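Structural characterization, general
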Amino acid sequence: MQHAEPITVPVDTLLEWYRTLVFCRRFEEQTERSFRRGKIGGYLHVAIGQEAVPLGFLSAIRPDDVFFVSYRDHVHTLVRGTDPGTVMAELYGKLGGTCKGKGGSMHLFDVARGNYGGYGIVGGHIPLAVGAAYALRYQGTDQVCLCFFGDGAMNSGALHEAANLAGLWGREGLCPVVFVVENNQYGMGTSVERASAVVELARRFDAYDIPNERCDGMDVVAVYEVARRVVEEVRRTGRPYAVEALTYRFSGHGAADLFQPYRTKQEVERWRQRDPILVLERRLREAGALDDEAVREVEAWAEKRVQEAVSFAESSPEPPPEELYRDVYGA
Amino acid sequence: MTEMTYREALRSTLVEEMDRDPRVLLLGEDIGVYQGTFRITEGLLDRYGPKRVIDTPISELGFIGAAIGMALLGLRPVVEVMTWNFSLPAADQILQNAAKVRYFSGGQVSVPLVIRGPNGAGVQLSAQHSQSLESFYGHFPGLRVVAPATPADAKGLLRTALRSEDPVIFLEHAALYGIKGPVPDGDYTVPFGQAAVVRPGRHVTVVAYSRMLHLALAAADELAREGVECEVVDLRSLRPLDMDTVAESVRRTHRAVVVQEQWPLFGAAAEVAAGIYERCFDDLDAPVERVTGEDVPAPYARNLEKLAFPDEDRIARAVRRVLQ
């Protein structure tokens, strides 16, 4: 882990991030309830515990930058500013969803905001992000591309073939991509040490001559500080970079992961002490910028916003039958 | 009209479209410095530079996936696969990303990507390098699948592919690169999903595509000497599939033989035969015959390989059977 000069983040920004983290948490909890009530179908992968990583990184890029995500994509989409109602409506399979209800939880897109989507096959989107980064430089822009994926994807061929291309194209300044490894310690139920011959995942990018480092993924300020420096460098050089953010999901892998035989309650409890919301809350309380009343206000605001999203999703119509045949081919 | 080879038709179309549209760029193994395994990209690295003619490592999953990402961001990449056999490591990218991302994004993105290279068998390359993947790719909605048999169609279909908003599986054939034929000049295009009646006849419809078209035409010549007039239809596109042209022909001839190089089960010929039964059952005077590759991996030995794939005689015999 490298230690750079700390960036002073204004208290107003920290407060905004706190509100965002609380809101995302309440949103994800709501999706779990809606899933249990049968309102949401298919797979549901929530990012409870991991929220600081997308928030820190997506706060460090420009509105015209782009990103690709795995199927654990709700928080990325929300923090990028996509209307929460349309996100919930997508999970509900409604016409008002981000993808007209045709993608669902794993495939949230908002191309107008540079969100090139959530993808359902582990590692499968990583080559896309590398090509997208090439396209940005080919078109002569200084935009960058972020590519988020979990520790599980580190063992897929897609990651390694894509990283090699990024290393190659980066030599010419043609691949401004940041690989963001959201290391939540488990690929579904298999721990990193049971899955990866090298447990320090960042170091595996050395094989492709891609600079890399680890960061604390439970502290949004720590994530942001690394992200800002790395994004600036990648924008300047057109070379790839990899950051392994150490994080944890408090929820199960998916909605069906009820008993979690692969980990202990004590382990989860230990990580909960570093809940990204608590970490930021402590920081704000120490700065005198947050008190009990303010916390209650944020909670009430977040809950209300989540319920508005649910109402929008509930009242949005189902996609009409003709949507079945749309969007298969272009003009 | 200009007389040129299938290879020249492909290469000149790439040049014309790259001159016209700076979004078109090429990726593939040994397409630049080496000039291309089948020399389709000869001279293009010098002409367009390494940013537009990208020599890739042997890493199909990586560079086909990257090409999809380029297409999502508005470029028009053309990937050369050295042979279609090498597309299989990238099947996840082609089938799970390129074919479907428009759909699961609710229409927010397009993948204007062309993947081209030789498909098929017949040149003693044995099991791993001799197979026809058209029904494999043709199965997936979201892809366009074309297989030109002539220099003119190579040009016309490639130009349409390069201007398409969809991912196109462009199936060439190694045995056809050297064949010559007249090619219309100018901005010539052939639309997807349009079969062509390449030889009119009234006794039987013979449906084929790619290398099999040439065998079907040779069989038709032989049968003509016996007084049998075959109508030969070149499908040209597998997806979309032009069953209208096929059915229109079968309604006149009342008999059909469908030819494919690939294995019989779940193949293009089965699809075409089923389409004929659905549309022209009452017009048929005989069951539809299929002529296909044998249901075995491709052997190396010349004599065995000859047995494994359709030839003119087998097509002629199938025609005689439907005429009995």
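Values in this document were obtained by computation on a predicted structure and should not be read as measured data.

Within chain B, the regular secondary structure consists of 13 helices and 14 strands. Taken over the C-alpha trace, chain B has a radius of gyration of 20 Å; the compact-globule value for 324 residues is 20 Å, and the two agree within 12%. Considered along the principal axes of its C-alpha atoms, chain B spans approximately 60 × 45 × 40 Å. Buried residues in chain B amount to 61% of all 324 residues. Contacts in chain B between residues at least 24 apart in sequence constitute 82% of all its contacts with a sequence separation of at least 6.

A separate point is the sheet that holds strand 4 (residues 177-183) of chain A. Residues and elements named next belong to chain A. On the basis of which strands lie adjacent, the open sheet formed by six strands has the order 2-1-3-4-8-7 and parallel pairing. The strands lining the two open edges of the sheet, one partner per strand, are strand 2 (115-118) and strand 7 (212-216). Strand-to-strand twist of the sheet, defined as the mean angle between neighbouring strand axes without regard to direction, takes the value 15 degrees. Here strand 1 (residues 66-69) runs beside strand 3 (residues 145-150); their pairing, made up of three bridges, is parallel.

Residue and element names in this part refer to chain B. Domain boundaries in chain B define domain 1 (2-183) and domain 2 (196-323). The C-alpha centroid of domain 2 is placed 26 Å from the C-alpha centroid of domain 1. On the side of domain 2, 25 residues touch domain 1, which itself brings 31 residues to the contact. If you sort the residues of domain 1 by the area they bury against domain 2, Gln 124, Glu 134 and Ala 147 come out on top, with a joint share of 27%. Seen at the junction of domain 1 and domain 2, the total is one salt bridge. Seen at the junction of domain 1 and domain 2, the total is 19 residue pairs in polar contact (both at pLDDT 80 or more). Of all the secondary-structure elements, those providing two or more residues to the side of domain 1 that touches domain 2 are helix 6 (126-129), helix 7 (134-138), strand 6 (144-146) and helix 8 (151-162).

Quick look at helix 4 (residues 84-91) of chain A now. The α-helix advances 3.6 residues per turn, and as a result positions three or four apart in sequence lie on the same side. Residue and element names in this part refer to chain A. The element helix 4 is largely enclosed, with a buried count of eight among its eight residues. The set of residues buried in helix 4 consists of Pro 84, Gly 85, Thr 86, Val 87, Met 88, Ala 89, Glu 90 and Leu 91. Residues of helix 4 that are buried make contact with helix 1 (11-36), helix 3 (74-79) and helix 11 (292-315). Here helix 4 starts with a cap whose side-chain oxygen sits 2.9 Å from the backbone nitrogen of Gly 85, and that cap is Asp 83.

Glancing now at the sheet that holds strand 14 (residues 289-291) of chain B. All names here are of chain B. If you walk across this open sheet you meet the five strands as 9-11-10-13-14, and the pairing is mixed. Two strands lie at the open edges of the sheet, namely strand 9 (196-199) and strand 14, each paired on one side alone. Taking the axes of each pair of neighbouring strands and ignoring which way they run, one obtains an average angle of 25 degrees across the sheet. Where strand 9 and strand 11 (residues 230-234) come together, three bridges link them in antiparallel fashion. The residue of strand 11 that forms the bridge with Val 197 is Val 233.

This brings us to the side chain of B:Thr245. Residue and element names in this part refer to chain B. One can find Thr 245 in helix 10 (residues 243-253). Taking relative accessible area as the criterion, Thr 245 reaches 19% and is therefore assigned buried. Residues in contact with Thr 245, not counting those within four places in the same chain, are Ala 195, Val 197 and Val 233.

With that settled, the discussion passes to the packing of aromatic side chains. Applying the stated criterion to the full structure yields 23 aromatic pairs over all chains. Ring geometry for B:Tyr277 against B:Phe281: centres 6.5 Å apart, planes inclined by 55 degrees, an arrangement best described as tilted. Judged by its relative accessible area of 57%, B:Phe281 falls in the exposed class. An aromatic cluster of at least three residues, connected via ring pairs, comprises A:Phe68, A:Phe109, A:Tyr116, A:Tyr119 and B:Phe104. Note that A:Lys102 overlies the ring of B:Tyr103, its terminal NZ or CZ placed 4.4 Å from the centroid. Over the face of the ring belonging to A:Tyr329 we find B:Arg144, whose NZ or CZ atom lies 4.1 Å from the ring centre.

The next point concerns empty space enclosed by the protein. Residue and element names in this part refer to chain B. Tallying each qualifying case throughout the model produces three cavities of 30 Å³ or more. Reported here for the largest cavity is a volume of approximately 80 Å³. Together, Ser 130, Gln 131, Ser 132, Glu 261, Gln 262, Trp 263, Glu 294, Val 296, Pro 297, Ala 298, Ala 308 and Phe 309 line the largest cavity. Considering only residue class, the lining of the largest cavity consists of six nonpolar, four polar and two charged.

Glancing now at the state of the cysteines. Applying the stated criterion across every chain, the model contains zero disulfides over all chains. For the unlinked cysteine A:Cys175, the closest cysteine sulfur is that of A:Cys145, found at 8.2 Å. With no disulfide of its own, B:Cys280 lies closest to B:Cys230 among cysteine sulfurs, the gap being 17 Å. A relative accessible area of 0% means that B:Cys280 is categorised as buried.

Attention now moves to the environment of A:Lys100. Of note, A:Lys100 is situated in the loop between helix 4 and strand 2. Sequence separation of A:Lys100 and A:Glu90 is ten residues, and the distance between their C-alpha atoms is 6.7 Å. Contacts of A:Lys100, omitting those with residues within four sequence positions, involve A:Glu90, A:Lys94, A:Leu95, A:Pro319, A:Glu323, A:Asp327 and B:Gly106. A distance of 2.9 Å separates a polar atom in the side chain of A:Lys100 from a polar atom in the side chain of A:Asp327.

Criteria and thresholds
Residues numbered from 1 in each chain as written. Chains lettered and ligands numbered in written order. Predicted model: local features only at pLDDT ≥ 70, side-chain atom pairs only at ≥ 80, totals over all residues. Heavy atoms only, no water. Helix = DSSP H or I, 4+ residues; strand = E, 2+ residues; numbered from the N terminus. Rg over C-alpha atoms; globule rule 2.2 N^0.38 Å. Buried < 20%, exposed > 50% of the residue type's maximum accessible area, 1.4 Å probe, protein only. Contact = heavy atoms within 4.5 Å. Pairing = 2+ DSSP bridges. Axes fitted to C-alpha atoms, helices over the stretch in contact; angles between N-to-C directions. Domains from an automatic or database assignment. Buried area = accessible area lost by both parts, 1.4 Å probe. Salt bridge = Lys/Arg side-chain N within 4 Å of Asp/Glu carboxyl O. Polar contact = N/O pair within 3.5 Å; in protein donor to acceptor, adjacent residues only side chain to side chain. Phe/Tyr/Trp six-rings, centres within 6.5 Å; stacked < 30°, edge-to-face > 60°. Lys NZ or Arg CZ within 6 Å of the ring centre and 35° of its normal. 1 Å grid on protein atoms, 1.4 Å probe; cavity = no way out; pocket = protein on both sides within 12 Å on 5 of 7 lines; lining within 4 Å. Points joined across faces, edges and corners; volume = space filled by probe spheres on them. Nonpolar A, V, L, I, M, F, W, Y, C, P; charged D, E, K, R; others polar. Disulfide = S-S within 2.5 Å.

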